[in-house]
Amino acid sequence: MSETASSALLKTGFRADPAMFVHQETDRPEVRLDLVVQAMHCAGCMRKIERNLGDMPGIKFVRANLSTKRVTVRWDPAVADAGGVVDKLAAIGFDAVPFDSQLVGALDSKEMATLLRSLGVAGFAAANVMALSISVWTGAFSGMEMQTRALFYWISALIALPAIVYAAQPFYRSAYRALRKGQMNMDVPISLAVTLATGMSCVQTVVNAQHVYFDASLTLLFFLLIGRYLDAQARHKACSAAQNLLGLRAVAANLVEADGTRRSVPVGSLEPGMRIEVAAGQRFAADGIIDTGASDVDSSLVTGESLPQAVNIGSQVFAGTLNISAPMIVTVTARDETSLLSEIVRLMENAEQGRSAYIRIADRAARIYAPVVHILALVTFIGWLVMSGGLESSLSNAIAVLIVTCPCALGLAVPVVQVIATGRLLRRGVLVKSADGLERLAQIDTIVFDKTGTLTLGQPTLTNPQALSPADMMRAASLARSSHHPLARALVEHVGDMVLQDVSDIKEEPGQGLEGWMGAERIRIGHRAWVGSEVEASTHKGSELWYRYGDGEAVCLIFADQMRPDVAQTLAEIKSRGLKVMLLSGDRIAAVEEAAKLCGIADWHGEMRPDAKVARLNKLAENGAKVLMVGDGLNDAPALRAAHVSFSPASAVDIAQTAADFVFQGVRLAPLVEALDVAIASRRIVSQNFGLAIGYNLVAVPLAMAGVVTPLIAAIAMSSSSITVTLNSLRLNWKHSKEEPQQKPD
């Protein structure tokens, strides 16, 4: 990634330590706190957290992420504070601790270990009680006496009761925390069902009834724990790509002191200007510039390219990338919380924790779960009691309804897909910035490209340097260094080490050019008409930049730029998907026509001002088109905002990257096609997940109310529904691993 790209990313978002930081874009600092809430298990928990924290004075933003068990809160420090946020979470039954990636992994491991122990106890007890039950069933056909049967039942009770008390703790603790605060969650009906089934069996044992259900209670608990454990494992596997990126951070750095001595220091203590040594095989601990040494660096995190990149003195390196060949000394240029890796993590988290329309639908559906499930269970119990008069069968059917009605599948239908999709795109060099970007990307039917820096590499070279005298070349470059436009950068690169002068009152007119003053003389570089050239048109096919100093004659500088290496193949793939392709550029008509011919784009327009691009996009939208805009320049920012969804290359200017929904890395255009495929696949899988979740409840609940589904079958079905949705979502990764194309050198 270029220096411009990295600076653009580093200027996006927040600056802070891992737990709390201040937003730098507002007059009054906005404080952010990231918390881990391990007791968050379902969409209902997420809604409860967001609603209660959102109602607090001064809270400006709350977002809960079920996959990472993470809650992000932003507030006005003059009104709210961190203690109030944590206390509010505790008041509604959720203990919270400051976010730490290692802590999340430890908590996940602890949770799965607890579930596994409970699962083992439930399974062992269920096997023994089932053996006793088989003896009772066999004895029913061989004349077993009532006293012998009662003895077997009491032995079953002695085995089952302590096992249930221990194995059901994950559900009981969660339910108790919710009920203690006057709240409800999905573990309340599960705990109620297990308690009712066990209590009914105890009563049947005391009265020496013909049937008891300790085996069913334990088996029910066994399958519920299997479901919870597999669900936790699946969610852990589909964990946030942003959280996984944090594992690339180095823990310590080898600091090089002024006298040449080395000492190990925490990465968080590094400051710009410090020098660190990075051995071969180590990851860079911070963003920096190579001071001594040369090596190969695995920078796939930044560029999306799997081949190592050669670096030497003066090259820029980034935290998290891997030094492969030889040791180097690096001068640190950014603190840990402002590194490119931290910025990518923040962008990914913003996308993962956002709310698309699909998620809002799922949240609303899951919201009515608690009251509905208890009402349905009560209706089932009363209905069966009235119709059959049997307390045992009525209670059993009500228990089945309590268990079988599950909102987890619906609550997981979208978030897991969103997390997996953003992680897959990150590995292919695409940063997803917008929460509903994938949803909108899947809807597009038209793609509009800018030319320079988008279809081309944005690395033009000056072809007629003799057009300017050395003095004018120095003046032009002195003004051009204030712009990120590819032609301006090419002009600055052409002069090399020439000493440049100061230019005052510099202004940039989007789509037109730059203006500044040297003493009493005005300097302009930019569009022909804006500079004031009397030449009506140019015949060359290259890109041009006009220069004028004071009242002197306007001079045309001609630049040649290379197309991206895979542009023709990528556009052919886009067209094969039935999408319309357009080219809208502010460059000269001759240059745009030449590029359109090389790319095979029939619908193209040149010399378009920013307002003209926006007008064209608005016209397309009025005609029903869903437009994807791909651009990189200052003049593209309004169009990027006006489009249905937008892409920007990592080499784009800051404002373009800020306006875009996606940022793609590297010199290839192929990540655009990958993003389209992932967006369409995500939409298809989300629809499948909704169908699975809704279909499950539509079938399972009536069957449970009708008495067809036993509590044991209900437990198996409920666990299977959420696992099925999660595994279906993981298909995005399975497909990716099978179809991963081999990277080719540029």
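Higher on the page you've got the structure.
**Digging into helix H6 (residues 169-180)**
Counted at 1.5 Å a residue, the expected span for H6 with its 12 residues is 16 Å, and the 16 Å between its end C-alpha atoms agrees. Looking at H6, one finds that the buried residues are Pro170, Phe171, Ser174, Ala175 and Ala178. The buried residues of H6 occupy an angular sector of 120° when projected down its axis, which confines them to one face. At the exit of H6 stands Gly182, carrying a positive phi of roughly 70°.

**Quick word on the packing of aromatic side chains**
Each pair of aromatic rings is reported with the distance of its centres and the angle of its planes. The tally for this structure, following the rule as stated, stands at two aromatic pairs. For the ring pair Phe647 and Phe662, a centre distance of 4.6 Å and an interplane angle of 5° mean the geometry is stacked. Highlighted residues: Phe647 in strand S27 (residues 645-649) and Phe662 in strand S28 (residues 662-664), separated in sequence by 15 residues. There is no split in this pair, since Phe647 and Phe662 are both buried. For the pair Phe647 and Phe664, a centre-to-centre distance of 6.3 Å together with 45° between the ring planes defines the contact as tilted. Within this pair, whereas Phe647 is found in strand S27, its partner Phe664 is found in strand S28, the two being separated by 17 residues in sequence.

**With respect to the sheet that holds strand S11 (residues 295-298)**
Spatial ordering of the open sheet is given by S12-S11-S14, a layout of three strands whose pairing is antiparallel. With one partner strand each, in any of the chains shown, strand S12 (309-311) and strand S14 (322-323) form the two edges of the open sheet. Pairing between S11 and S14: two bridges, direction antiparallel. The residue bridging Val297 from the neighbouring strand is Asn323, located in S14.

**Comments concerning the pairing of strand S5 (residues 70-75)**
Where burial is concerned, most of S5 is hidden: six out of the six residues are buried. Of the pairings in the sheet, the one linking strand S3 (residues 30-36) to S5 comprises six bridges and is antiparallel in character. Residue pairing for S5: Val36 is matched across the bridge by Arg70. Two strands pair when backbone bridges link them, and strand S4 (residues 59-65) and S5 are joined in this way by six bridges, in the antiparallel orientation. Its bridge partner lying in S5, Asn65 is registered against Arg70.

**What about the nonpolar core?**
By size, the foremost hydrophobic cluster in this structure holds 46 residues, and its most contacted members are Leu218, Leu221, Leu224, Leu225 and Val404. When contributions to this core are tallied by element, the ones reaching two or more residues are helix H4 (101-140), helix H5 (146-167), helix H7 (187-206), helix H8 (214-237), helix H13 (369-388), helix H14 (391-404), helix H27 (670-705) and helix H28 (711-739). Considering each element in turn, this core owes the most residues, nine residues, to H4. The residues contacting Val404, other than those within four sequence positions of it, are Tyr696, Asn697, Ala700, Val701, Ala704, Ala714, Ala717 and Met718. Of all hydrophobic cores here, the second largest spans 45 residues; its members include Leu455, Leu583, Ala675 and Phe690.

Thresholds, definitions, all that
Residues numbered from 1 in each chain as written. Predicted model: local features only at pLDDT ≥ 70, side-chain atom pairs only at ≥ 80, totals over all residues. Heavy atoms only, no water. Helix = DSSP H or I, 4+ residues; strand = E, 2+ residues; numbered from the N terminus. Expected span 1.5 Å × (residues − 1). Buried < 20%, exposed > 50% of the residue type's maximum accessible area, 1.4 Å probe, protein only. Arc of directions from axis to C-beta. Phe/Tyr/Trp six-rings, centres within 6.5 Å; stacked < 30°, edge-to-face > 60°. Pairing = 2+ DSSP bridges. Core = buried A, V, L, I, M, F, W, Y, C linked by side-chain atoms within 4.5 Å. Contact = heavy atoms within 4.5 Å.

So far we have only geometry, and geometry alone does not tell us how the molecule works.
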